[in-house]
Amino acid sequence: MDDKQDIEFSALEPFAAPLDEIGTLPAVFGSPLRYVQGEGVIRQAGRYLSRLGIRRAAVLLSRRSQRAEGRDLLASLEAAGIAFELATFAGECSLEEITLHTRALQSLKEPVDAVIAVGGGKAVDAGKSIAHRCKLPSVVVPTLASNDAPCAAVSVLYTADGVTLDAEIFDENPVLVLMDTGVVARAGERYLVAGMGDAMATWYEARACIRNPAGFTVFGGRPTLAGNAIARLCADTIFEHGIEALAAVRAHKVTAALEQVVEANTLLSGLGYESGGLAAAHAFAQGFTVLDSVHRNYLHGEMVAMGTIAQLVLESAVDDAARVAGFFIDIGLPVHLGHLGLSVADTTELNAACEASLAFPFIANMGMQLDAQTLQAALSEADALGRGLVASKGDTAYRALHAPGPASRIS
């Protein structure tokens, strides 16, 4: 199978078009049609889907979700009289997985009118790609607040082995995102922390993009003031309420702080990065996925956290780098390469990651000349900063989240 032929939209085929022969870009803002968040909302799924006119749906769930929160969702669909076709997500948002489910849905005798994706970031992204191919609206029901995938018109594609392959950027966002904070409160705290790592980057990447006159978003347009403001609110919310929200998850309780941080991780970060812009933090994170030991054992937001510190180093934003790294230490995110199982001495691996980072199109939003050597130097400096802070503050929170060892890969 030719992978590229199956990618219908990519970062090179943007939604926006230049306004004139000079290439001036319009500003573009995108968002889901509806976002609903609260404890227990998954049990009301039938109500919200009915309001959107959905009568028959395909439901994509992992086997774990089928035994857990998926039961509540399916029961709600049945109670609302919504028929459904059940599909099992195997764990990787790969072209093979997407094609398999797309063909199955297209061969149904009785077609569905929406695709509902339940699960973590990869399940959500797979659902959006399947829905797009079937020309159907997508509905997203996240079971974690570990990343900002749910609201976006973007699916990150991976190889069957989990290495980043490309991204599909659609003309449509999900019609409904249903975020049950009760489910998040019962999930492992490492996922919420990883989500804060992913979301914290939103502001610093949006800031880099809007400062660069040539900066562009995933829609192919200029960042909007709304996207920039949302991105900043995202970081402010996490700085203010992150530690308290983490305590709530440890106690398996839904609190006001948890509600605010879940919204920041999911809605604010999703809108902020799409309409504000990406930059080096996510480029570094995508680069890390080419290292087998990293992509199999660490979460996306954990890689982004290290990338955020490295981006701030590239910008010579020393105070911001120290503030962000200090906060990451408090909640248990990586602040040096050792926290990702790497070392500055791993020059071959780091060079491979940096070369892969340069292939990430939005690294151009940094507005500076970059090469693998420059990126590797930034990682080395970020590593030194993190190690210095750990020497004075310790890294108890990180060790608690990663004991007895790195987590399994998350779909």
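Residues numbered from 1 in each chain as written. Predicted model: local features only at pLDDT ≥ 70, side-chain atom pairs only at ≥ 80, totals over all residues. Heavy atoms only, no water.

1. Let's talk about the pattern of salt bridges
So the rule is basically this: Here, a salt bridge means any side-chain nitrogen of Lys or Arg that lies within 4 Å of a carboxyl oxygen of Asp or Glu. Note on conventions: DSSP H or I runs of at least 4 residues are helices, E runs of at least 2 residues are strands, and numbering of each starts at the N terminus. Type-normalised accessible area, obtained with a 1.4 Å probe on protein chains alone, sets the label of each residue: buried when under 20%, exposed when over 50%, and partly exposed for intermediate values.
Scanning all chains against the criterion turns up 14 salt bridges. Two residues, Glu-302 and Arg-190, come together in a salt bridge whose shortest N-O distance is 2.7 Å. Residue Glu-302 is located in helix 13 (residues 300–314), and its partner Arg-190 is located in helix 8 (residues 189–211); the two are separated by 112 residues in the primary sequence. We note a salt bridge from Arg-387 to Asp-383, for which the minimum N-O separation is 3.1 Å. Of the two residues, Arg-387 and Asp-383 are both situated in helix 16 (residues 372–393); the distance of four residues between them amounts to about one turn of the helix. Look at Arg-387 and you get partly exposed, because its relative accessible area is 39%. We classify Asp-383 as buried; its relative accessible area is 5%. Members of the salt-bridge network, linked through shared partners, are Arg-56, Glu-85 and Glu-110.

2. Quick word on the nonpolar core
Heads up, the rule is: Here, nonpolar core refers to any group of buried Ala, Val, Leu, Ile, Met, Phe, Trp, Tyr and Cys residues whose side-chain atoms link them within 4.5 Å. A contact between two residues is defined here by any heavy atoms of the two lying within 4.5 Å.
Leu-192, Met-200, Phe-284, Phe-288 and Phe-328 are the most contacted members of the largest nonpolar core, which totals 96 residues. Sequence-distant contacts of Phe-288, that is, excluding residues within four places in its chain, are made with Val-294, His-295, Met-303, Met-306, Leu-337, Leu-340, Leu-342, Ala-353 and Leu-379. Counting residues in each nonpolar core, the second largest holds 21 residues, with Leu-49, Ala-114, Ile-116 and Val-141 among its members.

3. Some remarks on the confidence of the model for the protein
Worth spelling out the cut-off: As a per-residue quantity, pLDDT reports the predictor's confidence and falls between 0 and 100.
With 95% of its residues at a pLDDT of at least 70, the protein reaches an overall mean of 93. Residue range residues 1–5 is modelled with pLDDT below 50. Its contacts to residues more than four positions away, or to other chains, number eight contacts. Counting contacts from residues 405–411, a segment whose pLDDT is below 50, to residues more than four positions away or on other chains yields 24 contacts.

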